[in-house]
Structures are given as C-alpha cells and as structure tokens.
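# Architecture at a glance
Chain residues, written in single-letter form:
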Amino acid sequence: AQSVTQPDIHITVSEGASLELRCNYSYGATPYLFWYVQSPGQGLQLLLKYFSGDTLVQGIKGFEAEFKRSQSSFNLRKPSVHWSDAAEYFCAVGPDRAAGNKLTFGGGTRVLVKP
Amino acid sequence: DAGVIQSPRHEVTEMGQEVTLRCKPISGHDYLFWYRQTMMRGLELLIYFNNNVPIDDSGMPEDRFSAKMPNASFSTLKIQPSEPRDSAVYFCASSGRQETQYFGPGTRLLVL
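Computed from a predicted structure; not experimentally measured.

## Describing unusual backbone geometry
All names here are of chain B.
- Residue Pro-8 is reached from Ser-7 by a cis peptide bond, and omega for that bond is -10°.
- The residue Pro-8 is located in the loop between strand E1 (5-7) and strand E2 (10-13) in this model.
- Of the consecutive residues Gln-80 and Pro-81, the connecting peptide bond is found in the cis state with omega at -5°.
- Considering the arrangement of structural elements, one finds Pro-81 in the loop between strand E8 (74-79) and strand E9 (88-95).
- Located in the positive-phi region is Asn-51, a residue other than glycine, with phi close to 50°.
- With respect to the helices, strands and loops of the structure, Asn-51 is situated in the loop between strand E5 (42-50) and strand E6 (53-56).
- Even without glycine at this site, Asn-52 takes up a positive phi of about 75°.
- For Asn-52, the location among the structural elements is in the loop between E5 and E6.

In structure tokens:
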C-alpha cells in the first residue's frame, strides 16, 4: 500500500531564511506527487505537482520540489521565507490504482516563521 | 472558474440534530472527494465519487454518515444524528483525469 511520511511535525524558521520540508513516500510504480499548503482557517491549496519529466518542479509562491526516485523523496524548498508562508504543508502521493483514484496524504508539517 | 464551493462555511448545531453539508465541484471534474480534518486524526478521506457514483466509502465512520451526488454539480454529506465527536472541518475536493485534487474552503462544524 502506498504511504507518505513527513518526518517533521513542526519547523520554525526565521523570515528570510531558507526552508526545506521533507517528504518520503512508498509507492509501487512511478508516483504522482503533490505539495499542498493550508493557511489557518483555509482549505488546501496546490503548490506544485510532479507527474513525469524534469525532476525539479517549480510551483507557486516561489516554492520548488525535487523528485528523487532513489531516495523515495519529494522535498519542498524555498530559498527565502516570508511571514505569509506560515502555514501547514501536506505532501501527497497517488493515484492509488488498487483502490480507485485516491491520493494518500502525509500528516503535515506546520511551519512557524519568526520575525 | 469559481473553484470548489462549499456551504455552509460554519455550522453550529446541537447533539442529535441533522447536519447537511453541501459541495459544488469544479465544472468538468468527474471525481469528488469528501474529507474530514481534526487535530487528532489529521486529514481523513471519507468517501469519493466518480461520475456521480460512490466508489469507496470505507472511510465513512459509521452509519450516521451518508453522502450523495445526485448530479455532476452537487454533492451532500449528511450526519444524522450528529454527535460532539463529529466536530471537525469537512472538505470537499474535485479532480479531473490528472488526479490533481482541488479543495474547497471547508465547512467548520461544531456539535454541542
């Protein structure tokens, strides 16, 4: 069965510093990979996605992620964090062909930004 | 496009009452998903539909929960009777063929 692990529950970073969020997955074939962001009181917004091709994916809000098949990872990065990046970030993998077309979400990483 | 629309945005009700949450997916999307989010359990998939047909309802917690999708532009999630432990944020999401799910703003449910 597919699974997603986000090892860091909380991360605190200073404004202007770089940010990297880890995501490890388990999947039987080439996965589709996603990063979503959830600001307080809001729904989940798609940041970026990887389906195939270039393993370095650019997303919105200055985020990027790199797919590393050998490490089963899809880490999210941003070179310089803004206070508005304080949110919860979810990594997801799919589709779960054996169980329809579902995505499997990680537990999320909450990012706090210090002034 | 207006995105996924959910209503109401907030709902406060008393234990034992019926609650109905509504969702309008993005036009042209043929998958619709209902999720529940709590601090304790995170994001849980409750049920999803493909072309208005329920495909997997294994995440529905118990018989008090039911979901319908009478047409391609509307779905409901009903809780009857509601209990305090049902308090959560309920999200609807829709997707087309490429599996990218687009989420609505959620309904915050508080059952007293």
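There is more to say after this.
## Here's the deal with the environment of Gly104(B)
- Following the sequence through the fold, Gly104(B) ends up in the loop between strand E10 (102-103) and strand E11 (107-111).
- The class for Gly104(B) is buried, based on a relative accessible area of 2%.
- For the pair Gly104(B) and Val53(B), spaced 51 residues apart in the sequence, the C-alpha separation amounts to 20 Å.
- Here Gly104(B) is in contact with Gly43(A), Val4(B), Gln6(B), Phe91(B) and Cys92(B), once residues within four sequence places are set aside.

## So, the pairing of E5(B)
Residue and element names in this part refer to chain B.
- Burial of E5 is extensive: seven of the nine residues sit out of reach of the surface.
- Strand direction decides the pairing type here: strand E4 (residues 31-38) and E5, joined by eight bridges, are antiparallel. Across the sheet, Trp-34 pairs through a bridge with Ile-47, a residue of E5.
- Adjacent in sequence and paired antiparallel, E4 and E5 are bridged by three residues.
- Note that E5 and E6 share three bridges and pair antiparallel. Within E6, the residue paired with Tyr-48 across the bridge is Asp-56.

Rules used in this analysis
- Residues numbered from 1 in each chain as written.
- Chains lettered and ligands numbered in written order.
- Predicted model: local features only at pLDDT ≥ 70, side-chain atom pairs only at ≥ 80, totals over all residues.
- Heavy atoms only, no water.
- Helix = DSSP H or I, 4+ residues; strand = E, 2+ residues; numbered from the N terminus.
- Buried < 20%, exposed > 50% of the residue type's maximum accessible area, 1.4 Å probe, protein only.
- Contact = heavy atoms within 4.5 Å.
- Pairing = 2+ DSSP bridges.

Interpretation in functional terms is not warranted from these geometric data alone.
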